[in-house]
Amino acid sequence: MNIECYVINGRSKCHDVCAFSSNFRYHWQIIKHQMVAECAMKSRFGTLYGKVCLVTGTSRGIGKGIALQLGDAGAIVYITARTLLPNEYSEGSLVETAEEVELRGGRCIPVKCDHANDEDVKQLFNRIKEEQNGRLDVLVNNAYEGTWDIFDNLNVPFWELPPEFWDNTCNVGLRSHYVASVLASEMMVAARQGLIVNISSGGGLGYIFNASYGIGKSAVDRMAADCAVELRPYNVAFVSLWPGAVKTELLSEIVHSYKPGINDVRLVRMVEQGESPEFAGKAIIHLATDRNIMKKSGRILWTSDLANEYCYTDVDGVPPPNFRSLKVFLSITGHTWLAAITPSFIKCPFWILAVMTHKF
């Protein structure tokens, strides 16, 4: 093979090419070693090793399950609730959640915070900013205080309820989500990266339970969609996450405390077939590590659909039912023989769900 060398300003062109090739190989070796080290670190400590996460409303239920999963994945997890220490009046506490996270090898920082109090929330974010050098990678807005109010007033028209009922169901769970998102976005926009997740539900599709519940959930979904528009130029994603029926301690207690009836029977079936409180946490881990997360920003995402996309199961190794599935719908409504012969892949298309929410 003949190699022609051109001399320019006293230097051989081959010399420049060889020098470039040598430098490229040197830098590529450094990058490769860094990538290997990073993979080894994540393999040893978790896929979210070094990430800073905040989960609100974590003394029990979905919030606690999400914190456990994020801790398992190696993140530094800040958790909030109003109950710091165990007591006879509450069914969970921040300290108990933190201890469980750390027993599983995670790192958890419990912070007592009333999300109805803006000053508490500002102090929380100032603490994270100071302790983590301004870093916050993931915010999960989960805090909600209106569950018992909702179920204690099923089928009660809104005009028969005091105006304070709105505050009980939409202050912590809607306004609080917005306040936390504002403060988190300040940090994430500065870093040009981050993920905000609103925990919502199918209550945003149409009427369920009562008026204020559906209004609140619909607004939570719209918050994610509209805030995502303004955050997109800064590479910060904002999504709304819909778990299915979740087997939380509180929901299990509620559905078994009401008189038998067709609606109650369906609700009991949904909960019994539902997902664990940790399933949503698995979804958030995959979202937080998705390099193409901005393609999902502004969207409503179902935990069961994400499980199909990212190929993971619940903590018991079994995928929970997908409530868009016709098979699942028939099973819950008591048509078991039809459910038995219906393929599980037949699902309600998203365009039908969009039509259901059309207001024109």
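Structure: see above.
Keep in mind that this is a model prediction, so the values were computed, not measured.

**Q** How would you sum up the pattern of salt bridges? Please name residues and give values.
**A** Pairing between side chains of opposite charge can happen when their charged atoms approach one another. Summed over the entire model, instances satisfying the criterion amount to ten salt bridges. Residue E145 is joined to R82 by a salt bridge in which the shortest nitrogen-to-oxygen separation is 3.2 Å. Note that E145 is positioned in the loop between β6 (138–141) and α5 (147–152) and R82 in the loop between β4 (76–81) and α3 (94–103), a separation of 63 residues in sequence. You can call E145 partly exposed: its relative accessible area is 28%. Through salt bridges with shared partners, one network takes in D72, R104 and E278.

**Q** Any chance you could break down the pairing of β6 for me, citing the residues and the numbers?
**A** Burial of β6 is two-sided: the residues V138 and V140 facing one way and the residues L139 and N141 facing the other way are all buried. Strand direction decides the pairing type here: strand β3 (residues 52–56) and β6, joined by three bridges, are parallel. What sits directly across from L54, in β6, is L139. With four bridges connecting them, β6 and strand β7 (residues 194–199) associate as parallel partners.

**Q** Now, about the side chain of D221: what can you tell me, with residues and values included?
**A** Tracing the sequence through the fold places D221 in helix α7 (residues 211–231). Buried and without a salt bridge, D221 has K217 as its closest oppositely charged side chain, separated by 8.0 Å. If we skip the residues at most four places from it in the chain, D221 touches S200, S201, G204, S240, W242 and I300.

**Q** Any chance you could break down the packing of helix α2 (residues 61–72) against α3 for me, citing the residues and the numbers?
**A** Remark: α2 packs on α3, axes separated minimally by 9 Å, with the N-to-C direction vectors making an angle of 30 degrees. By the angle between their axes, α2 is roughly parallel relative to α3. You can see that α2 and α3 cross each other, and the crossing is right-handed. Taking contact as the criterion, the partners of K64, A67, L68 and G71 in α2 are, on α3, T97, E100 and V101. A per-class count over the contact of α2 with α3 returns three nonpolar, two polar and two charged.

About the thresholds
Residues numbered from 1 in each chain as written. Predicted model: local features only at pLDDT ≥ 70, side-chain atom pairs only at ≥ 80, totals over all residues. Heavy atoms only, no water. Salt bridge = Lys/Arg side-chain N within 4 Å of Asp/Glu carboxyl O. Helix = DSSP H or I, 4+ residues; strand = E, 2+ residues; numbered from the N terminus. Buried < 20%, exposed > 50% of the residue type's maximum accessible area, 1.4 Å probe, protein only. Pairing = 2+ DSSP bridges. Lys, Arg positive; Asp, Glu negative; His and termini not counted. Contact = heavy atoms within 4.5 Å. Axes fitted to C-alpha atoms, helices over the stretch in contact; angles between N-to-C directions. Parallel < 35°, antiparallel > 145°, perpendicular 65-115°, else oblique. Left-handed = near helix turned anticlockwise from the far one by under 90°. Nonpolar A, V, L, I, M, F, W, Y, C, P; charged D, E, K, R; others polar.

These figures come from the coordinates and say nothing about function on their own.
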